[in-house]
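Inside the fold
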Amino acid sequence: MFEFNEENIAQLGLTVGVTAFMLYMVFIIFQLARESKAGKLGTFILFLALGFGLLGFAAKGVLKYFLGGVGD
């Protein structure tokens, strides 16, 4: 019924693993803002500066999906 080969398992693991890692990084940024008592503006700036790389990485995946290069 479910036929998994090495490529499917690797793709699933990479997708789930990278997503979990990105969510963990968002948690770290939130903790950093909370422990440093950054306030609303400081928290926004932290998420903007540190989260910009995460956003770019996610945007790359979305663009690849919509442009048809998922298997690349």
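The sections below set out a description of the structure shown in this document.

Rules used in this analysis
- Residues numbered from 1 in each chain as written.
- Predicted model: local features only at pLDDT ≥ 70, side-chain atom pairs only at ≥ 80, totals over all residues.
- Heavy atoms only, no water.
- Patch = residues over 30% accessible without salt bridge, like charges linked within 9 Å, V, L, I, M, F, W, Y side chains within 5 Å.
- Areas by Shrake-Rupley, 256 points an atom, 1.4 Å probe, with all protein chains shown as cover.
- Salt bridge = Lys/Arg side-chain N within 4 Å of Asp/Glu carboxyl O.
- Helix = DSSP H or I, 4+ residues; strand = E, 2+ residues; numbered from the N terminus.
- Expected span 1.5 Å × (residues − 1).
- Bend = angle between axes of the 7 residues up to and from the residue.
- Phe/Tyr/Trp six-rings, centres within 6.5 Å; stacked < 30°, edge-to-face > 60°.
- Axes fitted to C-alpha atoms, helices over the stretch in contact; angles between N-to-C directions.
- Parallel < 35°, antiparallel > 145°, perpendicular 65-115°, else oblique.
- Contact = heavy atoms within 4.5 Å.

Side chains of Leu-41, Phe-44, Ile-45 and Leu-48 sit close together on the surface and give an oily, nonpolar patch of about 430 Å² of accessible area. Within the secondary structure, Phe-44 is located in helix 2 (residues 39–66).

With 28 residues, helix 2 ought to run about 40 Å at 1.5 Å a step, and its terminal C-alpha atoms sit 37 Å apart, in line with that. At Gly-51, helix 2 is deflected by roughly 50°, the largest bend along its length. Positioned one or two residues after helix 2, Gly-68 has a phi angle of 90°, which is positive.

All right, on to unusual backbone geometry then. With a phi close to 50°, Lys-37 is a non-glycine residue in the positive phi region. Position of Lys-37 relative to the elements: it lies in the loop between helix 1 (6–35) and helix 2.

With that out of the way, let us pick up the packing of aromatic side chains. Evaluation of the coordinates by the stated rule reveals 2 aromatic pairs. With 5.3 Å between their ring centres and 75° between their planes, Tyr-65 and Phe-66 make a pair best called edge-to-face.

Further remarks concern the packing of helix 1 against helix 2. In the contact formed by helix 1 and helix 2, the axes pass within 9 Å of each other and the chain directions differ by 170°. In terms of orientation, helix 1 lies roughly antiparallel with respect to helix 2. Residue-level contacts link Val-18, Met-22, Met-25, Val-26, Ile-29, Phe-30, Leu-32 and Ala-33 of helix 1 to Thr-43, Leu-46, Phe-47, Leu-50, Gly-51, Leu-54, Phe-57 and Ala-58 of helix 2.

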